[in-house]
There are 2 protein chains.
Amino acid sequence: MHTHPLSQLSALETTTARDVILTYHPDKAIFFREIYLQEPAKAELVPYLELEHSGNLSPTSPRPQRLAKCQYDVVGGDRVPEYHESVVDVERKTRINHVVVGKEHQASLTLDEFDIFVKTCQESPLFKEAISKFKLPEGFDYVIEPWPYGGRDRVTDDSRYFQGLIFAQDKRSNNPDSNFYAYPIPIIPIMDYHKREIVRIDKLATGGKGDSLTASDADFREDVIGHCTTAEYVPELLPKGTRKDLKELNVLQPNGPSFKVSQDESLVEWQKWRFRVGFNPREGATIHDVWYDGRSVLYRLSMSEMTVPYADPRYPFHRKQAFDFGDGGAGNCANNLSLGCDCLGVIKYFDAVMTDGEGNAKPAPNVICLHEQDNGIGWKHTNWRTGRAVVTRSRELVVQFIITLANYEYIFAYKFDLAGGISVESRATGIVSVVNIDPGKVSEYGNVVGNGVLAQNHQHVFCIRIDPAIEGHKNTVYVEESHAVEMNDITNPEGNFYQIRKTPVERSAWFDAAPEHNRIIKMVNTDKINPISQRPIGYKFTPMATQLLLADKRSIQSRRAQFAQHHVWVTKYRDGELYAGGQYTLQSQDEIGGVSDAVKRGETVANEDVVVWSVFGITHNPRVEDWPVMPVECYQLNIRPADFFTENPAIDVPSMKNLASQLVTSSCCSKPSL
Amino acid sequence: MHTHPLSQLSALETTTARDVILTYHPDKAIFFREIYLQEPAKAELVPYLELEHSGNLSPTSPRPQRLAKCQYDVVGGDRVPEYHESVVDVERKTRINHVVVGKEHQASLTLDEFDIFVKTCQESPLFKEAISKFKLPEGFDYVIEPWPYGGRDRVTDDSRYFQGLIFAQDKRSNNPDSNFYAYPIPIIPIMDYHKREIVRIDKLATGGKGDSLTASDADFREDVIGHCTTAEYVPELLPKGTRKDLKELNVLQPNGPSFKVSQDESLVEWQKWRFRVGFNPREGATIHDVWYDGRSVLYRLSMSEMTVPYADPRYPFHRKQAFDFGDGGAGNCANNLSLGCDCLGVIKYFDAVMTDGEGNAKPAPNVICLHEQDNGIGWKHTNWRTGRAVVTRSRELVVQFIITLANYEYIFAYKFDLAGGISVESRATGIVSVVNIDPGKVSEYGNVVGNGVLAQNHQHVFCIRIDPAIEGHKNTVYVEESHAVEMNDITNPEGNFYQIRKTPVERSAWFDAAPEHNRIIKMVNTDKINPISQRPIGYKFTPMATQLLLADKRSIQSRRAQFAQHHVWVTKYRDGELYAGGQYTLQSQDEIGGVSDAVKRGETVANEDVVVWSVFGITHNPRVEDWPVMPVECYQLNIRPADFFTENPAIDVPSMKNLASQLVTSSCCSKPSL
């Protein structure tokens, strides 16, 4: 059988695409950014999936073309490189689409560019001069931490910039993982990428409460990190080492896992669930064609975007605003996961194929892990008359990937459960972003989490994209609320009644969370009626009531992150419309082609191919406990069946005792006789 | 050494208390409801705990009296029994306090009373006549499900009532656990407890949308359950049996658990945490005197109350409103837990001593379980320069108890983590409360979850009581919010700044959740300053933004559940003020002596002995998937350190690989070569 249309590009397909591109630019140098699967148009994929699910797929069945999305710079002479995007049919070895992207947009960054930034900085006279003003302690050296530049101040400036935060590292331990974030140096070099030149050094204020918003010479004390102190996290550098009394806890699955993964690593089957796992440089792991027990639930599920704006009003910290999916790509930043570190039990890892600057396929091993985990009691009932308890465990299947963006880490997981539920989990961890603060001072812009170290207040706003397929692709979104009803003789004589209000979403729109009304978003198929309840079958979620973007609506931070200003967006499906903050977020000044623009189209979405976007966030005003590495801050969106089934789908989960569990022995604790 | 003042009463202490009580009522019959530890007054316990923590406790140290709270009816002749509450010093064998509770209050119910209700029903001519109107299918018999009566309609009626829901059970399988809730019969018998008489049969409407609010003869079809169908959950009765492909997942702790429990089963020590576990008939498991690494955090933590009002406006469903802690007692309803069912790994069970009607000590084995569990990644950072990842697991210590209230189950857990956090988790499961609905009809008052079975809309509103002791008993509560600031040249030139507003709570007050402002409740000690951040040390939580009570403010449902109308209550500590809905909730008409009254005192709470109450809930509009047993609906309050420590307290957690984890083998899934 041929490759499944949702399987990632193979290494061969990747280099084939590269070779096709090169033939179109024979005399130019090409800098490849990404080559990855261009997912088929829905109109082409759906008939294929229908054949597949009906068991009628044959080697001669019609199938979508295998397409490669190729993103690359065409570098020629002294002109500013042009950024191109092409689509290549890798079987027919032909380019089927080609766009030279306008200069108003910037391509996503690559790690190669970060390397260029570091090198350019190191060689820059401007930077050398700036850094020479500081006298580092004996045995310290500086470290350059590249960052995206944030939003442009002027629309007319189409230069490609990078900025960097500067730290010092204690080299005396000879340990390259000594935590340099503990020693922030108050300058930010700015590189013009095309010129390969550091064009400006922004100086950072190091003051506290009541001090000026702008940097002054007083902020550039020679011994600027003299008051900073060590804050290590690698075990061999911890002053007291690691604790010794946490005893082993192992997860054993003597008969192996309950899941199956296809040879091509794209299809996962587990406990009546069946779905495909994709992976791309931008979104990381994606979930496709989700079915439960022979019934379709979702077409596609993905982390669409996130933005991390910092709230320090001092210049130029408004440029600290990352779009971790659009700027750098969650897939590009995915960790290569390790057995026994990132999850427990029996684990299946998925590899990916990435691309280097020359368009070579670059293996990225273990970028996704798949495992089962126990999540406590799933359901229980005790008949108090007989004393008979029936109790089942909640087992989850977890598709996890972890990304590192300089200092920060995010752990993303798609979790499937035995009761027909799907949860999308995000855990924030890693090292909070810090800047230098003068000795003894405190600040309104953050919290002093270590000596001389101010962790700035910031927000993380995430967007999950849900493309439902509730037994078909024509679905309707309902906003459902529970409302108090005033006591009255006719409908509410005792005052205990409350009313459920259900409103279909007719045209594309946004909604905010409204926990005071128990606002729920339901995605239903109005043509399929649950035979028990006589209501349309569906799935629902409660929008997470978290704080939305705080930046002033007129600010660049806000203009380029429209998606972060409402909790729920409902749009009509369009091929390729996957990114809440727009295709091009790097240095963006406005959200263009993002979810807010999609809503503005005002399309009919009732009983249509509809897409739902769920936004949630963390307003992160750091605690001292977040230093030097923060404990996970965990958020979860729960997508649950709502009259999709005719009973609890987990009712047939066995309730046998787990025979491996044990009573404590008397060595640690004993039970006196009554 | 003597018994710790927080240890539960022993069986001997219980019967001693009983014997003391009997001497005061020589000529009367006494019906004992509860005998349990009366916790010492704080003024007496604190000095003892100070001695204990300073290591200066000796057998001759002053210590609080061992006191037993005794609740009992004095039954005499033809008078209505009087309800008494006494406190007995079990060492001095003397009664030190005695109250005859006024007739405006009702004692909490006991399971003995439920038995009396069932027996009275079975013998009642009124009930027999009512039930005889229905013709049950061959092989069916009726089942009586006792319920608390809900609120009284008339202030002057001080009778003690019980009501019951009636179902039919299919006896043909000869299985006493066949699910009778699938066959609801539309009558509710009412018993006058003192008269031991069924005084009324309330008839229930069985109509649907558009039908009358009151029952008519049409609702009493002879074949009233003819259209209802089986809905089993015990595995041997499932038509298709249980699934076979969920493979074993075991948690093994080869070196035992990491916790220690004292001989008397009250003291738990784990990973720098140290606390005591209590258990009483009303609240179930309680947590006391919580310290971390030699520093005090909480004085007491408990589930205080919950209320479950039903929203069906048809008479008499406004009386379906349980206060599961105040009416029946979570401790009284606690499950006896089983190894390998209610948790995995190495488990320590705690027993309790309960009381029978004669005041005999009645052992209640395994009412609490204690175990460790893995909760995914605790913190992680990858240095992208070196590729070195340091990743630790989040381990939790869980104190769990589970209660069954007729059809419903709640799973409560106090969870301690490695990063200084404490979470209180509540999982709702069990069988939703249902009533009969005519064939083919649907309803605005609930959802048809099975044939002929309407699951009524309802709410669950919980209250957690937090008595903080942030390095001492004088603490201050702050309400902290993050607010947008309009762009301006002086303080917010780029528009990215947001402001944190901190307001101390000076006098007792309530607050609601305000996720739009990222409202956080901080409990701090203003006399203890974090040396790093220069802010007061504290713990914080985000009030859960869930819907509050919907019943009309004038309704009895609402008047008796004031606590359910705000998310956070801040009160000044008073001995014995533990119950958010008041001491006496059974048949209450108003919340008396609950948290709303405590706030009304208007006491100063800044830098005082302050108590914080956190309210959250579920508006539960049932899904078909909630039938016949609902998958857990999980809520969690996260209490987290906020500048209490000088770094992430989990930074020293080892990051070793878990060697028991395994790669999948090729039998289930294979990895093709690149």
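Here the structure is a predicted model, which means the values were calculated and not measured. (Residues numbered from 1 in each chain as written. Chains lettered and ligands numbered in written order. Predicted model: local features only at pLDDT ≥ 70, side-chain atom pairs only at ≥ 80, totals over all residues. Heavy atoms only, no water.)

Quick notes on the overall build of chain A
Note the threshold: Strands here mean DSSP runs of E at least two residues long; helices mean DSSP runs of H or I at least four residues long; both are numbered from the N terminus. Restricting the calculation to C-alpha atoms gives the radius of gyration, and the globule rule supplies 2.2 Å times the number of residues raised to the power 0.38. The buried label applies to any residue whose accessible area, calculated with a 1.4 Å probe on protein chains only, is under 20% of its type's maximum; exposed applies above 50%, and partly exposed to all values in between. Whether two residues are in contact is decided by their heavy atoms: any pair within 4.5 Å suffices. Residue burial considers only the protein chains on display, and all accessible areas are found by Shrake-Rupley using a 1.4 Å probe. Asp and Glu are treated as the negative residues and Lys and Arg as the positive ones, with His and the ends of the chain left uncounted. By convention, the charge on Lys lies at NZ, on Arg at CZ, on Asp at CG and on Glu at CD.
A tally of helices and strands in chain A yields 7 helices and 34 strands. For 674 residues, the compact-globule estimate of 2.2 N^0.38 gives 26 Å, and chain A sits close to it at 27 Å. C-alpha extents for chain A along the principal axes are approximately 80 × 80 × 60 Å. Classification of the 674 residues of chain A by burial places 66% in the buried group. Of the contacts formed within chain A by residues at least 6 apart in sequence, a portion of 68% connects residues at least 24 apart. In the form shown here, chain A has an accessible surface area of approximately 23000 Å², with 50% of it arising from carbon and sulfur atoms. Across chain A, the centroid of the 73 positively charged side chains sits 3 Å from that of the 88 negatively charged ones.

Things to note about the interface of chain A and chain B
Stated formally: Two parts placed together each lose some accessible area; with a 1.4 Å probe, that loss summed over both constitutes the buried area. Salt bridges are defined by distance alone: a side-chain nitrogen of Lys or Arg within 4 Å of a carboxyl oxygen of Asp or Glu. Contacts described as polar in this section are N or O atom pairs within 3.5 Å, which, within protein, must combine one atom able to donate a hydrogen with one able to accept it, while residues neighboring in sequence count only if both atoms come from side chains. Residue type decides the class: Asp, Glu, Lys and Arg count as charged, Ala, Val, Leu, Ile, Met, Phe, Trp, Tyr, Cys and Pro as nonpolar, and the leftover types, Gly among them, as polar. Any two strands between which DSSP finds at least two bridges are classified as paired.
Contact with chain A, which involves 193 residues of that partner, is made by 192 residues of chain B. Both faces considered, chain A and chain B share a buried interface measuring about 15900 Å² in area, 54% of it formed by carbon and sulfur atoms. The largest share of the area that chain A buries against chain B comes from R243, N496 and Y498 of chain A, three residues that together contribute 5% of it. In this assembly, chain A and chain B are joined by 12 salt bridges. Put simply, E145 of chain A and R385 of chain B hold a salt bridge, and the shortest N to O gap is 2.4 Å. Linking chain A with chain B are 107 residue pairs in polar contact (both at pLDDT 80 or more). For the side of chain A that touches chain B, the element with the highest residue contribution is strand β18 (residues 361-383) of chain A, accounting for 14 residues. Classifying every residue of the side of chain A that touches chain B gives 88 nonpolar, 63 polar and 42 charged. As paired strands, strand β17 (residues 346-355) of chain A and strand β34 (residues 662-663) of chain B are joined by 2 bridges and run parallel to one another.

Observations regarding the domain arrangement of chain A
It is common to give the size of an interface as the accessible area that goes away when the parts come together. Residue and element names in this part refer to chain A. As a reminder, the rule being used: How far each domain reaches was decided by an automatic or database domain assignment.
Under the domain assignment used here, chain A contains domain 1 (11-100), domain 2 (111-237) and domain 3 (260-310 + 321-432 + 457-642). For domain 1 versus domain 3, the distance between C-alpha centres works out to 28 Å. Each partner contributes to the interface: domain 1 provides 23 residues, whereas domain 3 provides 26 residues. Both faces considered, domain 1 and domain 3 share a buried interface measuring about 2000 Å² in area, 48% of it formed by carbon and sulfur atoms. Per-residue buried area on domain 1 facing domain 3 is highest for E39, K42 and H53; these three make up 33% of the total on that side. Linking domain 1 with domain 3 are 5 salt bridges, by the criterion used here. Residue R300 pairs with E39 through a salt bridge whose shortest N-O separation is 2.7 Å. Where domain 1 meets domain 3, there are 14 residue pairs in polar contact (both at pLDDT 80 or more).

Some details on the pattern of salt bridges
On inspection of all chains with the given rule, the structure shows 108 salt bridges over all chains. Residues R221 of chain B and D223 of chain B are paired through a salt bridge, measuring 3.7 Å at the closest nitrogen-oxygen approach. Its relative accessible area of 46% is what places D223 of chain B among the partly exposed residues. Connected via shared salt-bridge partners are D211, R221, D223, D438 and K441 of chain A.

Section: helix α1 (residues 11-24) of chain A
All names here are of chain A. Where we set the bar: One less than the residue count of a helix, multiplied by 1.5 Å, gives the span that helix is expected to have.
Taking 1.5 Å per residue, 14 residues should reach 20 Å; α1 reaches 21 Å between its end C-alpha atoms and fits that length. For α1, the set of buried residues is E13, T14, T15, T16, A17, R18, V20 and I21. Buried residues along α1 sit in contact with β1 (29-38), β2 (67-75), β3 (82-89), β4 (94-100), β17 and β18.

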